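# Examination of the molecular architecture
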Amino acid sequence: MAAITLPEGAAGAHPGGDGTAPRLTVIGTGYLGATHAICMAVLGFDVLGVDVDRAKIERLGGGEVPFFEPGLPELLAKALDSGRLRFTTSFAEAGEFGDVHFICVGTPQQQGSDAADLQYVDAAVTELARHLRRRSLVVGKSTVPVGTAARLTGLVQRIAPAGDRVELAWNPEFLREGYAVDDTLRPDRLVFGTASAWAEERLRAAFGPVIARDTPVVVTDLTTAELVKVAANSFLATKISYINAMAEVCEATGGDVTGLAEALAYDDRIGGRFLRPGLGFGGGCLPKDIRAFAHRAEELGVGQAVAFLREVDGINKRRRARTVDLVRELAGGGLGGVRVTALGAAFKPDSDDIRDAPALDVANTLHRLGAHVTVVDPAATDNARRSHPELHYGTDALSAAAGADVVVLLTEWNEFRQIDPAAMGAVVTHRRIVDGRHALDPAQWRAAGWEYRVLGRR
Ligand code: UDX
């Protein structure tokens, strides 16, 4: 990861030293909220982080980041040392303290439906509103179905003692796991969905040091701001599934999706980012966001406009099934009793996040089909073990591969890319590898006597 540099002149200085800097609260200190709270404090704001999870609040207050994110622990220490960052479980304290309140709670997929589950957003906003006694701004950052902000405006103003002197705005967040600090301090753009000039002024004050770095600001209405986030994630998911659809065609025709992707990437209009073929996308955002978007569009009678997102999801899921098939083919046609070493559990490298992780999904399917699966991951093992105790877990790739009939690379961690095929070849029972992420050099593995298979090449 690139070194983290703070926006010039911002580090340590109190923005609006003349007393105009708003005091910020961040409701929900998960991945998004903790990063936002810490970064805003480092930028010089007085910040109060709020969560209903007392254990999480105690860990953060004690200087411990409860998830894996490069650079964040150092910034948490710095923010706590400055005295500008505190944590609480009290919404009353939040209402009393804050001028601008950021809502950063999760919007997971509902059980048994593609719709987003808004219970945490509704609860956070309701609890906070009860304690809003003066003019203040509530800013949604969570990814929500279009129309939520308008509904929440009514809710807040009905409940808050300050009534319609409390306004609502939407400021979608685009941070990527693994790059969360940089994405927060130096975003590509800021999007402010506002209903009044006052709300825009408050948001500009709350992001002063970031805007001072010439960060583009798109000011728009609440509806558009809600849509921007799902439109962006849908585009990214579509791009990944597009190249993976081409991989399917390559598999059937004898083409090579790697060369195809490289050739496409030279066209500036297409570009090479998010055009890496392989096992496809997962994580806490892309899969559930495209499903919730399709679901919401159907509710609104415009389902046909985004019907392609169902296909994007379908292509993505087929990559997982295809990876399982490749392992089965290499194993000789059946998986019963086959010893498989799965390299990776996290949904992507440099993360311990296993939400909708393609890697863990494949490992679990192999297990259900009778294989003896040993999973190894540099950061996500604890999370994986909690959710899939039925799988076996190794401590490092080499020892986990001892006696393996097939090795399958599922998350492209650097340490897996650097495995020496000869060293691993010496410990496995059969030299057979499926590269689910185009992360290995086929020539090198074949030269070391491995049967090498990859998605997107016959
Ligand atoms: C994503 C968006 O990028 C971010 O803007 C949004 O705020 C949250 O969702 P993140 O979930 O951290 O961020 O993951 P990202 O880096 O976008 O990767 C998503 C998935 O796509 C991963 O599983 C990754 O392995 C996969 N991927 C990515 C590919 O399969 N091919 C690619 O070319 C790129």
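Calculation criteria
Residues numbered from 1 in each chain as written. Predicted model: local features only at pLDDT ≥ 70, side-chain atom pairs only at ≥ 80, totals over all residues. Heavy atoms only, no water. Helix = DSSP H or I, 4+ residues; strand = E, 2+ residues; numbered from the N terminus. Rg over C-alpha atoms; globule rule 2.2 N^0.38 Å. Buried < 20%, exposed > 50% of the residue type's maximum accessible area, 1.4 Å probe, protein only. Contact = heavy atoms within 4.5 Å. Areas by Shrake-Rupley, 256 points an atom, 1.4 Å probe, with all protein chains shown as cover. Lys, Arg positive; Asp, Glu negative; His and termini not counted. Charge placed at Lys NZ, Arg CZ, Asp CG, Glu CD. 1 Å grid on protein atoms, 1.4 Å probe; cavity = no way out; pocket = protein on both sides within 12 Å on 5 of 7 lines; lining within 4 Å. Points joined across faces, edges and corners; volume = space filled by probe spheres on them. Nonpolar A, V, L, I, M, F, W, Y, C, P; charged D, E, K, R; others polar. Domains from an automatic or database assignment. Near = heavy atom within 4 Å. Polar contact = N/O pair within 3.5 Å; in protein donor to acceptor, adjacent residues only side chain to side chain. Pairing = 2+ DSSP bridges. Axes fitted to C-alpha atoms, helices over the stretch in contact; angles between N-to-C directions. Right-handed = clockwise from strand over helix to strand, strands pointing away. Buried area = accessible area lost by both parts, 1.4 Å probe. Salt bridge = Lys/Arg side-chain N within 4 Å of Asp/Glu carboxyl O. Parallel < 35°, antiparallel > 145°, perpendicular 65-115°, else oblique. Left-handed = near helix turned anticlockwise from the far one by under 90°.

Assigned secondary structure in the protein consists of 19 helices and 14 strands. Its C-alpha atoms give the protein a radius of gyration of 24 Å, near enough to 23 Å, the size a compact globule of 458 residues would have. If you line up the protein on its principal axes, its C-alpha atoms span 70 × 50 × 40 Å. Within the protein, buried positions represent 55% of all 458 residues. Within the protein, residue pairs in contact and separated by at least 24 positions form 74% of the contacts whose partners lie at least 6 positions apart. Surface accessibility of the protein: about 18900 Å² in total, with carbon and sulfur atoms responsible for 51%. A gap of 2 Å separates the mean positions of the 50 positive and 58 negative side-chain charges of the protein.

This paragraph deals with empty space enclosed by the protein. Counted under the stated rule, the structure contains one cavity of 30 Å³ or more. Quantified by volume, the largest cavity comes out at close to 80 Å³. What lines the largest cavity is T107, A116, T143, V144, P145, V146, V230, K288, D289, A292, F293 and R296. With five residues, helix 12 (residues 286–299) is the single largest residue contributor to the lining of the largest cavity. Each residue belonging to the lining of the largest cavity can be placed in one class, and the counts come to seven nonpolar, two polar and three charged. Residues from two domains meet in the lining of the largest cavity; each of domain 1 (24–220) and domain 2 (231–312) gives at least three.

Here we take up the site of the ligand. Lining the immediate surroundings of the ligand are 20 residues, of which F174, E177, R276, F347 and K348 lie closest. Contacts to the ligand include F174, whose backbone N or O atom sits 2.8 Å from an oxygen atom. R276 places a polar main-chain atom, nitrogen or oxygen, 2.9 Å from an oxygen atom of the ligand. For the ligand, the accessible surface in isolation is 670 Å², of which the surrounding protein chains cover 94%. In terms of residue count, helix 10 (residues 222–253) provides more of the shell around the ligand than any other element does, four residues in total. Each residue belonging to the shell around the ligand can be placed in one class, and the counts come to ten nonpolar, three polar and seven charged.

For the rest of this paragraph, the subject is the sheet that holds strand 13 (residues 432–435). On the basis of which strands lie adjacent, the open sheet formed by six strands has the order 11-10-9-12-13-14 and parallel pairing. The open sheet is flanked by strand 11 (392–393) and strand 14 (451–454), the only strands paired with a single partner. Contacts from helix 13 (residues 308–330) reach strand 9 (339–343), strand 12 (406–409), strand 13 and strand 14, with the element oriented near 165 degrees to strand 13.

Phi is positive for F274, close to 60 degrees, though the residue is something other than glycine. One non-glycine residue, D356, lies in positive phi territory at about 45 degrees. Within the secondary structure, D356 sits in the loop between strand 9 and helix 14 (358–368).

On to the pairing of strand 13, then. A two-sided burial pattern is seen for strand 13, the buried positions comprising R432 and V434 on one face and I433 and D435 on the other. Pairing geometry for strand 12 and strand 13, over three bridges, is parallel. In the sheet register, V407 faces strand 13, and the bridge partner there is I433. The sheet contact formed by strand 13 and strand 14 spans four bridges and is parallel. Paired with V434 across the two strands is R453, which belongs to strand 14. Assessed by its sense of winding, the connection that carries the chain from strand 13 through helix 19 (residues 442–447) to strand 14 is right-handed.

All buried positions along helix 5 (residues 119–129) are accounted for by V121, A124, V125, T126, L128 and A129. Those residues of helix 5 that are buried are in contact with strand 1 (24–27), helix 4 (91–97), strand 4 (100–103), strand 5 (136–140) and helix 6 (148–159).

With that settled, consider the domain arrangement of the protein. Domain annotation of the protein identifies domain 1 (24–220), domain 2 (231–312) and domain 3 (318–454). On a C-alpha basis, the centroid separation for the pair domain 1 and domain 3 is 38 Å. Facing the six residues of domain 1 at the interface are eight residues of domain 3. Counting each side, the surface lost to burial between domain 1 and domain 3 is near 530 Å², with a carbon and sulfur contribution of 48%. The interface formed by domain 1 and domain 3 includes one salt bridge. In this structure, the salt-bridge partner of R355 is E177, at a minimum N-O distance of 3.3 Å. The interface formed by domain 1 and domain 3 holds four residue pairs in polar contact (both at pLDDT 80 or more) in total. Considering only residue class, the side of domain 1 that touches domain 3 consists of three nonpolar, one polar and two charged.

Helix 3 (residues 72–82) packs onto helix 1 (residues 31–42) with a crossing angle of 50 degrees between their chain directions and a minimal axis gap of 9 Å. Judged by the angle between their axes, helix 1 and helix 3 are oblique. Pair helix 1 / helix 3 crosses with left-handed handedness. For the pair helix 1 and helix 3, contact is made by T35, I38, C39, A41 and V42 and by L72, L75, L76, K78 and A79, respectively. For the contact of helix 1 with helix 3, the residue count by class is eight nonpolar, one polar and one charged.

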